[in-house]
Amino acid sequence: MLHKTEGIVLGSSKYSDRYSIVRIFTRNFGTVSYLLPLSNSKKAKIKTSLFFPLSVLNLEVEHIPLRDVHKLKDAERQFPLYDICNNMIKVSLAFFLSEFLMRVLKESDNNELTFDYIKNSVEALEAAKKGVANFHIAFIIGLTRFTGIYPNWKNLYNYGYFDLINGEFISSAPSHKHYLNRMQCSYLVHLQRMNYGNMHLFKLSRENRNMILDYLIEYYRLHLYEFPKLKSLEILREMV
């Protein structure tokens, strides 16, 4: 059966000399694998150049029950990604965030709200002129609202420690090792206010930015099943 939906490209892998498999987060079906014909011909119905990470597409797809890989019938770009495809910092962010989302979105069943958040975020990244180096921090914190792991900020200003497993501020160290101490969790007190409109106001060194990112990835890894090492992380560290 044919369906029309919107999709956000997460990544691709070679399947054969004639096809690749693309992973796309769709508005209607969640994260889906599609078979993409490989062709550089000008007559090709679906251009492989459309499938750059984080590209937002209008899709016509064929879904067959119990099939792991479905078919793409047509695809067109909703809006161009001029800056994301050419600005090297934004390129590294696109590859990192698409890989990050590929690990996270399989846990999400709140597809439409999550889809809108990511689509709006892609538009914000394309348009951003200031504070781009902080974009992934704002994105990852914001995404917790849609993955069911949003931290409890109740004791925000009376914190002593932040329990990464239970996602809350506490007055004394827990019995397990997965927590932030007072100095470490002080960053969270400030960063929970970060968004795309004010991210340029947060003056973070590369060292601090990478440390915060490590905390956030550990938080997701503790809460989501099967969260392997991200291959694009080291490249991102060098860029931002």
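Overview of the structure. Keep in mind it's a predicted model, so treat the numbers as computed, not measured. (Residues numbered from 1 in each chain as written. Predicted model: local features only at pLDDT ≥ 70, side-chain atom pairs only at ≥ 80, totals over all residues. Heavy atoms only, no water.)

In this model, helix α3 (residues 111-127) (17 residues) spans 24 Å end to end at C-alpha, consistent with the 24 Å of a helix rising 1.5 Å per residue. Listing the buried residues of α3 in full gives N111, T114, F115, Y117, I118, K119, S121, V122, L125 and E126. (Helix = DSSP H or I, 4+ residues; strand = E, 2+ residues; numbered from the N terminus. Expected span 1.5 Å × (residues − 1). Buried < 20%, exposed > 50% of the residue type's maximum accessible area, 1.4 Å probe, protein only.)

Right, let's talk about helix α6 (residues 206-223) for a bit. Between its terminal C-alpha atoms α6 stretches 26 Å, which fits the 26 Å expected from 18 residues at 1.5 Å a residue. Listed as buried for α6 are R209, N210, I212, L213, Y215, L216, I217, Y219 and Y220. Structurally, α6 contributes buried residues whose contacts are with α2 (88-104), α4 (135-143), β6 (161-163), β8 (179-180), α5 (182-191) and α7 (233-239). (Contact = heavy atoms within 4.5 Å.)

Attention now goes to the pattern of salt bridges. Applying the stated criterion across every chain, the model contains seven salt bridges. One salt bridge connects E6 with R27, and the closest N-O pair in it is separated by 2.7 Å. Here E6 is found in strand β1 (residues 2-14), whereas its partner R27 is found in the loop between β2 (19-26) and β3 (30-37), with 21 residues between them in sequence. Looking at E6, the relative accessible area reads 16%, which means it is buried. Residue class for R27 comes out buried when judged on its relative accessible area of 16%. (Salt bridge = Lys/Arg side-chain N within 4 Å of Asp/Glu carboxyl O.)

This part takes up the pairing of strand β4 (residues 56-62). The buried count for β4 comes to five of seven residues, which makes it a mostly enclosed element. As paired strands, β1 and β4 are joined by seven bridges and run antiparallel to one another. Bridge assignment links G7 to a residue of β4, and that residue is L57. The hairpin turn running from β4 into strand β5 (residues 69-77), its antiparallel successor, is six residues long, and L66 in that turn takes a positive phi close to 70 degrees. (Pairing = 2+ DSSP bridges.)

In this section: the nonpolar core. Ranked by internal contacts, the top residues of the largest apolar core, which has 61 residues, are F96, F100, I118, F139 and Y220. Contributing elements (two or more residues each) for this core: β1, α2, α3, α4, α5, α6 and α7. When residues in this core are grouped by element, the largest group, eight residues, is from α2. The contact partners of I118, leaving out residues within four places of it in the chain, are I8, F25, L101, L105 and F139. V9, I24, L36 and L57 belong to the second-largest nonpolar core, a separate cluster that totals 14 residues. (Core = buried A, V, L, I, M, F, W, Y, C linked by side-chain atoms within 4.5 Å.)

Positive charge collects at one region of the surface, where K45, R67, K71 and K73 lie side by side. By secondary structure assignment, the location of K45 is in the loop between β3 and β4. Overall, the relative accessible area of 61% leaves K45 in the exposed class. (Patch = residues over 30% accessible without salt bridge, like charges linked within 9 Å, V, L, I, M, F, W, Y side chains within 5 Å. Areas by Shrake-Rupley, 256 points an atom, 1.4 Å probe, with all protein chains shown as cover. Lys, Arg positive; Asp, Glu negative; His and termini not counted. Charge placed at Lys NZ, Arg CZ, Asp CG, Glu CD.)

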